[in-house]
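Analysis of the macromolecular model
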Amino acid sequence: MRGVLALALGVTAFLFPANALFAFTLLFAAYAGADGILSLIAGVRRASRKEKRWWSALLRGVVGIACAVIFVILPGLAVVSYALVTLGMVIAWALLTGAFEIAAAIRLRKEIEGEWLLGLSGALSILLGLGVWAFLWLHPVATILSVGTMIAVWALFAGGVLIALGLRLRKREAGKSEAAA
């Protein structure tokens, strides 16, 4: 589901790069919020099953939800001070969630096949955070079009990687079910 949401974000950012900053801000808030909710659910499920390190998914969920709430509560501030607020939040979100995904991939390397896809998704998020930060540093008056394109490229790659990971995990679960039957 996260992969499909990322692809939708990427396609939308490519198709409508010049739309109002307000609409893009709310679209990103919806993505970060949905991603946060899904991560929070995964963390709670892991905790209820007494799995190790459930907290990383839980923290990832809290970061996504907090980011979305701030965007929704303060859209005017996000629009007016895009370079300082919106880009800073995108940078923080990308770096933190990327780090959490890489940590999860490392932890899962002995448990699942294809954990590298989760690590790759995390690395792409970190690259997005570093790229937006560098762009902001080099060109503080960056337009939504250029940053939107950067986010679109990340979302398309990350979405594809997350979908591939989901399909691999689904195939693994189906194989377990068939073996158990």
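Turning to the packing of aromatic side chains, a few remarks are in order. Under the counting rule described, the total for this entry stands at four aromatic pairs. Both rings, one in Tyr31 and one in Trp93, keep their centres 5.8 Å apart while their planes meet at 80 degrees; by these two values the pair is edge-to-face. Linking Tyr31 in helix α2 (residues 21-48) with Trp93 in helix α5 (residues 82-108), this pair joins segments that are 62 residues apart in sequence. For Tyr31, a relative accessible area of 5% puts it in the buried group. With relative accessibility at 1%, the residue Trp93 sits in the buried group. Each ring, one from Trp133 and one from Trp137, has its centre 6.1 Å from the other, and the planes form 15 degrees; the classification is stacked. Of this pair, Trp133 and Trp137 both sit in helix α6 (residues 115-138), four residues apart, which is roughly one turn of that helix. Since its relative accessible area comes to 48%, Trp133 is described here as partly exposed. An aromatic cluster is present here, built from Tyr31, Trp93 and Trp154 joined pairwise through their rings.

Along the polypeptide, Arg2 turns up in helix α1 (residues 2-15). Ignoring any residue separated from it by four or fewer positions in sequence, one finds Arg2 in contact with Tyr31, Asp35, Leu38, Arg60, Glu101 and Leu162.

Each pocket or cavity is described by its volume, and for the largest pocket that value is around 1200 Å³. What lines the largest pocket is a set of 33 residues, among which Arg2, Ala42, Arg46, Leu165 and Leu169 lie closest to the centre. Taken together, the residues of the lining of the largest pocket sort by class into 16 nonpolar, four polar and 13 charged.

Right, let's talk about the confidence of the model for the chain for a bit. The predicted coordinates ought not to be read in detail in places where the model reports low pLDDT. Mean pLDDT over the chain stands at 82; residues scoring 70 or higher make up 86%. The least confident element of the chain is helix α4 (residues 75-80), whose mean pLDDT is 68; the most confident is helix α3 (residues 55-73), at 89.

Where nonpolar side chains cluster on the molecular surface, the patch consists of Met1, Val4, Ile37, Leu38 and Ile41 and spans about 470 Å² of accessible area. At three residues, the largest contribution of residues to the nonpolar patch is made by α2. With respect to the secondary-structure elements, Met1 resides in the segment before α1. For Met1, a relative accessible area of 68% corresponds to the exposed category.

Let us now look at the pattern of salt bridges. Applying the stated criterion across every chain yields a total of five salt bridges. In this structure, the salt-bridge partner of Asp35 is Arg60, at a minimum N-O distance of 2.4 Å. Of this pair, Asp35 sits in helix α2 while Arg60 sits in helix α3, and the two are 25 residues apart along the sequence. Asp35 sits in the buried class, given a relative accessible area of 0%. Between Arg60 and Glu101 there is a salt bridge, and its shortest N-O distance comes to 2.7 Å. Linking Arg60 in helix α3 with Glu101 in helix α5, this pair joins segments that are 41 residues apart in sequence. In this structure, Arg60 and Glu101 share a single accessibility class: buried. Connected through salt bridges with shared partners, the residues Arg2, Asp35, Arg60 and Glu101 form a single ionic network.

A separate point is the nonpolar core. Of all hydrophobic cores here, the largest spans 34 residues; its most connected members are Leu9, Phe28, Cys67, Trp93, Leu128, Ile151 and Trp154. Elements with a contribution of two residues or more to this core: α1, α2, α3, α5, α6 and α7 (144-180). Per-element tally for this core: the top contributor is α5, with nine residues. Other than its neighbours up to four places away in sequence, Leu128 contacts Val90, Ala94, Met150, Ile151 and Trp154.

Cut-offs and rules
Residues numbered from 1 in each chain as written. Predicted model: local features only at pLDDT ≥ 70, side-chain atom pairs only at ≥ 80, totals over all residues. Heavy atoms only, no water. Phe/Tyr/Trp six-rings, centres within 6.5 Å; stacked < 30°, edge-to-face > 60°. Helix = DSSP H or I, 4+ residues; strand = E, 2+ residues; numbered from the N terminus. Buried < 20%, exposed > 50% of the residue type's maximum accessible area, 1.4 Å probe, protein only. Contact = heavy atoms within 4.5 Å. 1 Å grid on protein atoms, 1.4 Å probe; cavity = no way out; pocket = protein on both sides within 12 Å on 5 of 7 lines; lining within 4 Å. Points joined across faces, edges and corners; volume = space filled by probe spheres on them. Nonpolar A, V, L, I, M, F, W, Y, C, P; charged D, E, K, R; others polar. pLDDT = per-residue confidence, 0-100. Patch = residues over 30% accessible without salt bridge, like charges linked within 9 Å, V, L, I, M, F, W, Y side chains within 5 Å. Areas by Shrake-Rupley, 256 points an atom, 1.4 Å probe, with all protein chains shown as cover. Salt bridge = Lys/Arg side-chain N within 4 Å of Asp/Glu carboxyl O. Core = buried A, V, L, I, M, F, W, Y, C linked by side-chain atoms within 4.5 Å.

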